[in-house]
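A closer look at the structure
Below are the chains, spelled out letter by letter.
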Amino acid sequence: MVLRCGLKKSDVVGLGAGWILSACLLAAGSAAAAAPIYTCVDATGKKHTSDRPIVECATRDQRLLNADGSVRQIVPPTPTADERAEQEQRERQAAAERAQQQDTIRRDRNLMTRFPNEAAHNKARAAALDDVRNAVALSEKRIAALAADRKPLMDEAEFYAGKQMPLKLKQQLDANDAATDAQRSLIQNQQSEIGRINALYDTELARLKKLWAGAPAGSLGALPAAPAASGAASTAVAKKAK
């Protein structure tokens, strides 16, 4: 059997009634001391006191008191749905910014690991440019070969000046023109790729110089996104590698 003050009957056998009463009062006093006390004044000026947050003051500050009446903390108003949505948006934004900062720190550290000095960075730039320049050279050789193929076709076409050219000859000339135009387009795209690579390495180098000088990783802002490589240039480089 458990008494209302929380003591078991076996605990109080042989004890006097006065002792039991004192123990119960002490237990009740401890429970009361631990219970929270909320107080506030509502919009009409009425004062409220409760052992839990007060509904009538949901839009107002509430004071949480200690047993001696001192203020333990001020409980702010319950946010509205719009306020909660705004707070959640701020929290998501803050989380995204923290993630972005961590990513920037990681990328800066990776950059310094890949390029411990300017010589290593220059070597990587030269290797990247060599791939594209070799592709340009292949296209230029192809254009020269097409020009050589075209000469006998043009010589043959001279015999048909003022007359209808044979269909096969016309098709050969048209195919030669199309192939030459395609190679010239590739060269143009490859030249754009050279510019993109140089811009990328210029941006990296400017950042690396600050990091090498002692700027902490992640302190220079987010790394700019690298411009996309030209599709045609990338295809040409891939064909060269095969």
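What counts and how
- Residues numbered from 1 in each chain as written.
- Predicted model: local features only at pLDDT ≥ 70, side-chain atom pairs only at ≥ 80, totals over all residues.
- Heavy atoms only, no water.
- Helix = DSSP H or I, 4+ residues; strand = E, 2+ residues; numbered from the N terminus.
- Buried < 20%, exposed > 50% of the residue type's maximum accessible area, 1.4 Å probe, protein only.
- Areas by Shrake-Rupley, 256 points an atom, 1.4 Å probe, with all protein chains shown as cover.
- Salt bridge = Lys/Arg side-chain N within 4 Å of Asp/Glu carboxyl O.
- Disulfide = S-S within 2.5 Å.
- Pairing = 2+ DSSP bridges.
- Axes fitted to C-alpha atoms, helices over the stretch in contact; angles between N-to-C directions.
- pLDDT = per-residue confidence, 0-100.
- Contact = heavy atoms within 4.5 Å.

With that out of the way, let us pick up the overall build of the protein. Along the backbone of the protein there are six helices and four strands. The proportion of buried residues among the 242 residues of the protein is 22%. Accessible surface, the protein as shown: approximately 16400 Å² in total, 56% of it carbon and sulfur.

Take the pattern of salt bridges next. Proximity of charged atoms lets side chains of opposite charge pair with each other. Scanning all chains against the criterion turns up eight salt bridges. When the shortest N-O distance is used, the salt bridge between lysine 151 and aspartate 155 registers 3.4 Å. Residue lysine 151 and its partner aspartate 155 are located together in helix α4 (residues 118-157), separated by four residues, close to a single helical turn. Residue classification places lysine 151 among the exposed residues on the basis of a relative accessible area of 54%.

What follows covers the state of the cysteines. Here the structure, examined in full by the defined rule, presents one disulfide. Each sulfur in the disulfide pair cysteine 40 and cysteine 57 lies 1.9 Å from the other. Since a negative S-S torsion denotes a left-handed disulfide, the cysteine 40-cysteine 57 link at about 80° is right-handed. Here the residue cysteine 40 occupies a position in strand β1 (residues 37-41), and cysteine 57 occupies one in the loop between β2 (47-50) and β3 (62-65), the gap between them amounting to 17 residues. Of the two residues examined, cysteine 40 and cysteine 57, each falls in the buried class.

Before going further, it helps to spend a moment on the sheet that holds β1. In spatial order, the strands read β2-β1-β3-β4; together these four strands make up an open sheet with antiparallel pairing. This sheet does not close on itself; its edge strands, each paired only once, are β2 and β4 (71-75). Going from strand to strand, the sheet's axes swing by 20° on average, the running direction of each strand aside. Of the pairings in the sheet, the one linking β1 to β2 comprises four bridges and is antiparallel in character. Of the residues in β2, the one forming a bridge with valine 41 is lysine 47.

What follows deals with the confidence of the model for the protein. Reading fine detail from the predicted coordinates is not recommended where pLDDT is low. Averaged over every residue, the pLDDT of the protein is 84; the share at 70 or more is 79%. In the model, residues 232-242 has pLDDT below 50 throughout and makes 16 contacts with residues more than four positions away in sequence or in other chains.

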